[in-house]
Amino acid sequence: MAESDTPRSKEKTDSDDVLKDMRARWDRSYDREKHNITAAYEDLTFLCGDDYAQWPAEERKRRENDGRPVLQENRLPTFVHQVTGDIRQLKPAIKFVPVDNEADEKRAEIIGSLTRYIENRSEASAIYFRAADSQVACGIGHWRVLTEYADDTTFNQEIRIAPIEDGVAVLWDADSVLPSREDAMYCFVPVDMTRASFEAKYPGKTPNEIGDIGWTHANEWASDDFVRVAEYWLKVPTKRKLALHPDGQISEITDAPQDIIAWHLSNGARVETRDSHKVCRYLVTATDILEGPSDWAGRHIPIVPLIGEEYRIGRKLIRNGIVRNAKDPQRMLNYYYSAHTETVALQPK
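All figures in this text were calculated on a predicted structure; none of them were measured in a lab.

Mind showing me how you'd approach the overall build of the chain here?
Scanning the chain from terminus to terminus reveals eight helices and eleven strands. Overall, the C-alpha framework of the chain stretches about 105 × 60 × 50 Å when taken along its three principal axes. By sequence separation, contacts in the chain at least 24 residues apart represent 67% of the contacts at least 6 residues apart. Counting every atom, the chain has about 21900 Å² of accessible surface; 52% of that belongs to carbon and sulfur.

Put into C-alpha cells, the structure is as follows:
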C-alpha cells in the first residue's frame, strides 16, 4: 500500500479539505461583515464611555494639555434602557402552538411545559436579556441551544439555552437573507483563548505554525498572547427517502433495505427522494481540527441571532442599534457641558 493510500494520509487530506473550505467561507463572511463588526465594537465602547471614549482622542489630549475641562455626561444608557426595559417587562419566552393535523392543544401544552423547564434550569431570561441588550445597543446579539449530560453519573442528556460571550463576532453564511438565518449553510462562533489555556486544553497542538501562509486572516487567529478557537457549524447535503401512504401517513425509509421499500410500494405508498441536509459541528483553529465532525440532532444550526436595524444598499448590508445615530448629539452634549463649566470657572467671584 502506498503511503498516500494509508488511512492516516487520507484523514490528513480530509482535514485539509475541511480547513480549506473553512478559510474560504470565513473570508467571504468576514469581508461582508467587517464594517458592521468594527462599527458595533465602536458603538459598545462609546456607550460604556470607558476612558472618556466619547471624546475624540486628539481633542481630549489638546484640552487636557491646555488645562481645560473634559467632561462626559453620558446619557445614552438612559435611551438604551428605555427599550431594554420594555423587553424585560414583556418577559420573552418560547411558546408552542399546534398548527397541523397531527398536533393538538394538549400536546402543545406538554411540550410547552418541557420548554419552560429548560428555560428555568438555563436561567434563560437573563440570557435573552443579555442578547437583547447587545441587539439594541449595537444592532446584533446571539444566544444558543446546546445539549449536555444531566450529571456526571448518567448518559441522559438535557437541552440547555446558553449565552454567547461575544455575539458581535459571530459570522453567518454570506448568502443568507432570512432574519432567523435558518437559510444559512454555515456559521462561525469564535472565541479567543489565552495561549496558556489553549495549550493546557489541547496538548500537542501548535497554532503558531501557520500552514497556509497565504491566508489573509492567519495572523488574526494566533499571536503570542492568544489563540482563536471557532465553532464551525455547517449543513452537509444529504438525501432522504420518504413514503406517503394512501391514508396520509408518512414514513422515512432513507436507510431501509430494498425489501422494506418494496413492501411500502406494494401497499400503495408513493416513494420519493428529497434533497435534505444534516447539521455538523467542528471545533477548529486556523491550522487544526480540534473536534468533530459531530452531528447535531436538529434541522437548523443551533445559534439564534437577534438583529437590529438593517439597511441594504445594493450588495452592502448596514446594521446598527440605537447608539450609532446618537453619537454626534452625545459629543455635542459633552462639549457644551465642558464649555459651560469652563466659562463658569473663569468668572470672577
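Looking at this structure, how should I read the nonpolar core?
For soluble globular proteins, the rule of thumb is that nonpolar side chains tend to be buried together. Counting residues in each nonpolar core, the largest one holds 25 residues, and the members touching the most others are Met-22, Phe-188, Trp-221, Tyr-232, Tyr-282 and Val-284. Contributing elements (two or more residues each) for this core: helix H1 (7–48), strand E4 (186–194), strand E5 (226–244) and strand E7 (270–284). Sequence-distant contacts of Tyr-282, that is, excluding residues within four places in its chain, are made with Val-18, Ala-230, Glu-231, Tyr-232, Leu-234, Ile-289, Glu-291, Gly-292 and Pro-293. By size, the runner-up hydrophobic cluster in this structure holds ten residues, among which are Ile-164, Ala-184, Val-189 and Ile-301.

Sorry, what's going on with unusual backbone geometry here?
Negative phi is the rule for most residues except glycine; trans is the rule for most peptide bonds. For Asp-51, which is not glycine, the phi torsion reads 55° and is therefore positive. Along the polypeptide, Asp-51 turns up in the loop between H1 and helix H2 (57–65). Phi at Glu-123 takes a positive value of approximately 50°, unusual for a residue other than glycine. Residue placement: Glu-123 occurs in the loop between helix H4 (105–122) and helix H5 (124–138).

How do you make sense of the packing of aromatic side chains when you look at a structure like this?
Here the distance between the centres and the angle between the planes together describe a pair of aromatic rings. As enumerated under the stated definition, the model contains ten aromatic pairs in all. Ring plane angle 5° and centroid distance 6.4 Å describe the contact between Trp-26 and Tyr-30, whose orientation is recorded as stacked. On the criterion of helical spacing, the pair formed by Trp-26 and Tyr-30 is a turn pair, its members being four residues apart in helix H1. Exposure remark for Trp-26: the relative accessible area of 2% places this residue in the buried category. With 5.0 Å between their ring centres and 5° between their planes, Phe-188 and Tyr-232 make a pair best called stacked.

It is not clear to me how the environment of Asn-320 should be interpreted in this structure. Could you clarify?
The residue Asn-320 is located in strand E11 (residues 316–320) in this model. On the basis of relative accessible area, Asn-320 is assigned to the buried category, the value being 5%. As a C-alpha pair, Asn-320 and Asn-36 span 284 residues in sequence and 7.8 Å in three-dimensional space. Those residues within four positions of Asn-320 in sequence are excluded, and the remaining contacts are Cys-138, Gly-139, Gly-308, Glu-309, Tyr-311 and Asn-325.

Before we go on, may I ask you to explain the confidence of the model for the chain in this structure?
The predicted coordinates of low-pLDDT regions are not to be read in fine detail. Per-residue pLDDT for the chain has a mean of 86; in total, 92% of the residues score no lower than 70. When mean pLDDT is taken per element in the chain, strand E3 (residues 171–172) scores highest with 95 and strand E6 (residues 250–252) scores lowest with 80. Predicted confidence for residues 1–12 stays below pLDDT 50, and this span has three contacts to residues more than four positions away or in other chains.

Is there a simple way to explain the pairing of strand E9 (residues 303–307) in this structure?
Walk down a regular strand and you will see the side chains alternate between the two sheet faces. Taken across its five residues, E9 has four buried, putting it largely inside the fold. Here strand E1 (residues 140–149) runs beside E9; their pairing, made up of five bridges, is antiparallel. Bridge pairing in E9 links His-142 to Pro-305.

What's the story with the pattern of salt bridges in this structure? I'm lost.
All chains considered together, the criterion is met by 26 salt bridges. As a salt-bridge pair, Arg-144 and Glu-231 come within 2.6 Å of each other at their nearest N and O atoms. Of the two residues, Arg-144 is situated in strand E1 and Glu-231 in strand E5; the sequence distance between them amounts to 87 residues. The residues Arg-144 and Glu-231 share a single accessibility class, namely buried. A salt bridge links Arg-270 to Glu-272, with the nearest nitrogen and oxygen atoms 3.2 Å apart. Among the residues examined, Glu-272 registers a relative accessible area of 30% and is labelled partly exposed.

What counts as what
Residues numbered from 1 in each chain as written. Predicted model: local features only at pLDDT ≥ 70, side-chain atom pairs only at ≥ 80, totals over all residues. Heavy atoms only, no water. Helix = DSSP H or I, 4+ residues; strand = E, 2+ residues; numbered from the N terminus. Contact = heavy atoms within 4.5 Å. Areas by Shrake-Rupley, 256 points an atom, 1.4 Å probe, with all protein chains shown as cover. Core = buried A, V, L, I, M, F, W, Y, C linked by side-chain atoms within 4.5 Å. Buried < 20%, exposed > 50% of the residue type's maximum accessible area, 1.4 Å probe, protein only. Phe/Tyr/Trp six-rings, centres within 6.5 Å; stacked < 30°, edge-to-face > 60°. pLDDT = per-residue confidence, 0-100. Pairing = 2+ DSSP bridges. Salt bridge = Lys/Arg side-chain N within 4 Å of Asp/Glu carboxyl O.

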